[in-house]
Amino acid sequence: MSRTSIVAGNWKMNLDRAGSIALAKAVAAGRAQAGGVDVVLCPPSIYLSAVGDALEISAGVSPAGVGLGGQNMWDQPSGAFTGEISASMLVDMGCRYVILGHSERRTLLAETDELIASKVRAALAAELTPIVCVGEQLAEREADRTHEVVSRQVRGSLAGLTADDLAKVVIAYEPVWAIGTGKVATPEQAQDVHALIRSLLAELASPGIADGIRIQYGGSVKPGNAADLAAQPDIDGALVGGASLEADGFLAIAAAFR
Ligand code: PEP
């Protein structure tokens, strides 16, 4: 099956309002060079409104074809959850996507697979596409535990999903040792884990459904290494942190996945 690649920019806690608007407009202006690839921007939640306006998002769609995503959400629909935002709030702001289970949240905020799975179910119920992040720490890779750790995270973070649900998720494989370090996984290392993830998805859903699920790679993706990653059979796009903060580089990465 041919999968439409998806390249998402995770701006993390960077930029200000004016910088967010300028970056969104620059990505929209150059977006045509990555035709055929789904392009998504995930600004800090406080700037979703400004970025949505800059992209002229209406009913989740922007004229230039740039999607909007949250970096996180809570798993409950509303209530006494100070500081949190819900799936329906993201939808209300024009989002079609939400990053869930990013390693920074797993590590710094102690998010568990159970909580992430609950968020994934809530996102799908609100018709958001969850981008579910998994990936091993450096010590786990060095101890040859990558497959064990990633398998546990995939099974745990997708617990309780039906095959139809699974067909709607995007997975991001992000080896933690490659995030923000400038140390990218080799295409072979990434492909090995992507193939593992696809085989797990085949088991959890079916081989046919697994064949249609997009699996992004994330971890120091740059314009200079994107093409080699894109050439791998099971790498269907990228989740980009640092390099998504500059429009030309981000678009060059997206274009590599055409
Ligand atoms: C990320 O945070 O999802 C990420 C991949 O960051 P970077 O591209 O900066 O490594």
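Okay, so let's go over this structure. Here the structure is a predicted model, which means the values were calculated and not measured. Here the residue numbering is sequential within each chain, running from 1 through the sequence in written order. This being a predicted model, a pLDDT of at least 70 is required before a residue's local features are given, and a value of 80 or more before pairs of side-chain atoms are given or counted; all residues contribute to the totals for chains, interfaces and linings. Here the side-chain values reflect all heavy atoms present in the structure, with hydrogen atoms and water set aside.

What follows deals with the packing of helix α5 (residues 113-125) against helix α7 (residues 146-157). Whenever a helix is involved, its axis is fitted only over the stretch in contact; in every case the axis is a line through C-alpha atoms, and angles between N-to-C directions fall within 0 to 180 degrees. Think of it this way: any DSSP run of H or I at least four residues long counts as a helix, any run of E at least two long counts as a strand, and we number them from the N terminus. It is at 7 Å that the axes of α5 and α7 come closest, and there the two elements cross at 45 degrees. What the angle tells us is that α5 and α7 run oblique. Contacts between α5 and α7 involve Asp-113, Ile-116, Ala-117 and Val-120 from the first element and Arg-152, Gln-153, Gly-156 and Ser-157 from the second. Amino acid classes used here: Ala, Val, Leu, Ile, Met, Phe, Trp, Tyr, Cys and Pro are nonpolar; Asp, Glu, Lys and Arg are charged; the rest, including Gly, are polar. Taken together, the residues that form the contact of α5 with α7 break down as three nonpolar, three polar and two charged. Here roughly perpendicular refers to angles of 65 to 115 degrees, roughly parallel to angles under 35, roughly antiparallel to angles over 145, and oblique to all remaining angles. Residue contacts are defined here by distance: any two heavy atoms, one from each residue, within 4.5 Å place the two residues in contact.

Even without being a glycine, Lys-12 presents a positive backbone phi close to 50 degrees. Relative to the helices and strands, Lys-12 is located in the loop between β1 (6-10) and α1 (17-30). Non-glycine residue Leu-15 carries a positive phi angle of around 75 degrees.

The eight strands are arranged β1-β2-β3-β4-β5-β6-β7-β8 in a closed barrel whose pairing can be described as parallel. Mean inter-strand twist for the sheet, computed between neighbouring axes without regard to direction, equals 25 degrees. Strands were regarded as paired on the criterion that DSSP finds at least two bridges between them. Across four bridges, the pairing between strand β4 (residues 97-100) and strand β5 (residues 129-134) is parallel. Residue Val-98 lies in a different strand from β5, and its bridge partner there is Pro-130. On the sheet, helix α9 (residues 187-204) packs against β5, β6 (170-173) and β7 (215-218) and is oriented at approximately 150 degrees with respect to β7.

What follows is about the site of the ligand. Among the 14 residues in the neighbourhood of the ligand, the closest are listed as Lys-12, His-102, Glu-174, Gly-180 and Ser-220. For the ligand, an oxygen atom lies 2.8 Å from a polar atom in the backbone of Gly-241. Within the backbone of Gly-242, one N or O atom sits 2.8 Å away from an oxygen atom of the ligand. The Shrake-Rupley method, run with a 1.4 Å probe sphere, supplies the accessible areas, and residue values consider only the shown protein chains as cover. With the chains in place, 97% of the 290 Å² that the ligand exposes on its own is no longer accessible. When the residues that make up the shell around the ligand are grouped by side-chain class, the tally is four nonpolar, eight polar and two charged. We define proximity as follows: a residue is near a molecule or strand when any one of its heavy atoms falls within 4 Å of that partner. We define a polar contact as two N or O atoms separated by no more than 3.5 Å, with the added condition that, inside protein, one atom must be a possible hydrogen donor and the other a possible acceptor, whereas residues neighbouring each other in sequence contribute only through side-chain atom pairs.

Before going further, it helps to spend a moment on the packing of helix α11 (residues 223-230) against helix α12 (residues 247-256). Closest axis-to-axis distance for the α11/α12 pair is 8 Å, and the angle between their directions is 15 degrees. By the angle between their directions, the pair α11 and α12 is classed as roughly parallel. Along this stretch, α11 crosses α12, giving a crossing that reads as right-handed. Facing Pro-223, Ala-226, Ala-227 and Ala-230 of α11, the residues of α12 in contact are Gly-249, Ala-252, Ile-253 and Ala-256. Grouping the constituent residues of the contact of α11 with α12 by class yields seven nonpolar, one polar and no charged. Take the far helix as the reference: if the near one is turned anticlockwise from it by less than a right angle, the crossing is left-handed, and if turned clockwise, right-handed.

Next up on the list: the pattern of salt bridges. Pairing between side chains becomes possible if they bear opposite charge and their charged atoms approach one another. A pairing counts as a salt bridge when a side-chain nitrogen of Lys or Arg comes within 4 Å of a carboxyl oxygen of Asp or Glu. This model, assessed by the stated rule, comprises 13 salt bridges. Between Arg-145 and Glu-148 there is a salt bridge, and its shortest N-O distance comes to 3.0 Å. In this scheme, a residue with accessible area under 20% of its type's maximum is buried, one over 50% is exposed, and one in between is partly exposed, where area comes from a 1.4 Å probe on protein chains only. Arg-145 gets classed as partly exposed once you look at its relative accessible area, which sits at 29%. When the shortest N-O distance is used, the salt bridge between Arg-198 and Asp-234 registers 2.5 Å. Of the two residues, Arg-198 is situated in helix α9 and Asp-234 in the loop between α11 and β8 (237-240); the sequence distance between them amounts to 36 residues. The two residues Arg-198 and Asp-234 agree in class, both being buried. Each of the salt bridges in this network shares a partner with another, and the network as a whole consists of Arg-3, Arg-198, Asp-211, Asp-234 and Asp-236.

Our focus in this paragraph is α1. Expected span of a helix: the number of residues minus one, times 1.5 Å. The end-to-end C-alpha distance of α1 is 20 Å, a good match for the 20 Å that 14 residues give at a rise of 1.5 Å each. Buried within α1 are the following residues: Ser-20, Leu-23, Ala-24, Val-27, Ala-28 and Gly-30. On its buried side, α1 packs onto β2 (38-42), α2 (48-54), β3 (66-70) and α12.

Everything listed here is a matter of geometry and, on its own, says nothing about what the molecule does.
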